[in-house]
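Structural description and commentary
Next come the chains, spelled out residue by residue.
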Amino acid sequence: MTEFDPEKFEDKYANYFPELQKAYKNAFERMNDTYDSELVHAIDQQILNESEPFYEDGEFSVELPENPTDRLSAIIVDDEKLDAVLSEYIDEIERELRRVFDLDD
């Protein structure tokens, strides 16, 4: 396992690209097992493809692109369901980042 260095995370794609891929992939698989796979795939491809993970003050967060729900065009879903699944997906990515970098409490 790669030792996590918060300062190196500022250049995350150069220093931690494989770990980031693993966290996002694990989150996708977990979400795909739990929710409608068509919705999960659409969120992954149309919203999260331009998301940006950050590490600050001991916590991971995922910043979404501007107007994320407006980006979803592959399927029709009501806003309430989309917001709920997207929120859970972000939480799952953040959990996976903590797990991949061995920062679980």
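Each chain has its residues counted from 1, running along the sequence as written. In keeping with the model being predicted, local features are shown solely for residues with a pLDDT of at least 70 and side-chain atom pairs are shown and tallied solely at 80 or more, while totals for entire chains, interfaces and linings include all residues. Each side-chain value is derived from all of the structure's non-hydrogen atoms; neither hydrogens nor water enter the calculation.

**Thoughts on the pattern of salt bridges**
The criterion, for reference: We define a salt bridge as a side-chain nitrogen of Lys or Arg found within 4 Å of a carboxyl oxygen belonging to Asp or Glu. Secondary structure elements are defined from DSSP: runs of H or I of at least 4 residues count as helices, runs of E of at least 2 residues count as strands, and each element is numbered from the N terminus. Throughout, exposure labels follow a simple rule: accessible area from a 1.4 Å probe, protein chains only, divided by the maximum for the residue type, with under 20% read as buried, over 50% as exposed, and the rest as partly exposed.
Applying the stated criterion to the full structure yields eight salt bridges. With a closest N to O distance of 2.9 Å, Glu 29 and Lys 25 form a salt bridge. With Glu 29 and Lys 25 both in helix 2 (residues 17-34) and four residues apart, this pair spans about one turn of that helix. What makes Lys 25 partly exposed here is its relative accessible area of 49%.

**Some words on the packing of aromatic side chains**
In plain terms, the rule: Stacked, edge-to-face and tilted are the three classes for Phe, Tyr and Trp ring pairs, Trp counted by its six-membered ring, which pair at centre distances within 6.5 Å; planes under 30 degrees apart are stacked, over 60 edge-to-face, the rest tilted.
Here the structure, examined in full by the defined rule, presents 12 aromatic pairs. Chaining the aromatic ring pairs together yields one cluster made of Phe 4, Phe 9, Tyr 16, Tyr 55, Phe 60 and Phe 101.

**Notes on helix 3 (residues 37-46)**
Short version of the rule: The contact rule is simple, with two residues in contact once any of their heavy atoms fall within 4.5 Å.
The complete set of buried residues in helix 3 reads Leu 39, Val 40, Ala 42, Ile 43, Asp 44 and Gln 46. Packing partners of the buried residues in helix 3 comprise helix 2 and helix 4 (79-100).

**Structural notes on the side chain of Glu 96**
When you line up the elements, Glu 96 lands in helix 4. Non-local contacts of Glu 96, meaning those with residues more than four positions away in its chain, are made with Ala 23, Asn 26, Ala 27 and Arg 30.

**Quick look at the packing of helix 2 against helix 3**
For the record, the criterion: For helices, the fitted axis covers only the stretch in contact; all axes are lines through C-alpha atoms, and the angles between them, taken along N-to-C directions, range from 0 to 180 degrees. For classification purposes, an angle smaller than 35 degrees is called roughly parallel, one larger than 145 roughly antiparallel, one from 65 to 115 roughly perpendicular, and anything else oblique. Two helices cross in a left-handed way if the nearer one is turned anticlockwise from the farther one by less than a right angle. They cross in a right-handed way if the turn is clockwise. Polarity classes work like this: nonpolar for Ala, Val, Leu, Ile, Met, Phe, Trp, Tyr, Cys and Pro, charged for Asp, Glu, Lys and Arg, and polar for all others, with Gly in that last group.
Where helix 2 contacts helix 3, the axes come no closer than 8 Å and their chain directions differ by 150 degrees. In this view, helix 2 runs roughly antiparallel relative to helix 3, as classed from their interaxial angle. The interaxial crossing formed by helix 2 with helix 3 has right-handed handedness. Facing Phe 28, Met 31 and Asn 32 of helix 2, the residues of helix 3 in contact are Ser 37, Val 40, His 41 and Asp 44. Residues belonging to the contact of helix 2 with helix 3 are distributed by class as follows: three nonpolar, three polar and one charged.

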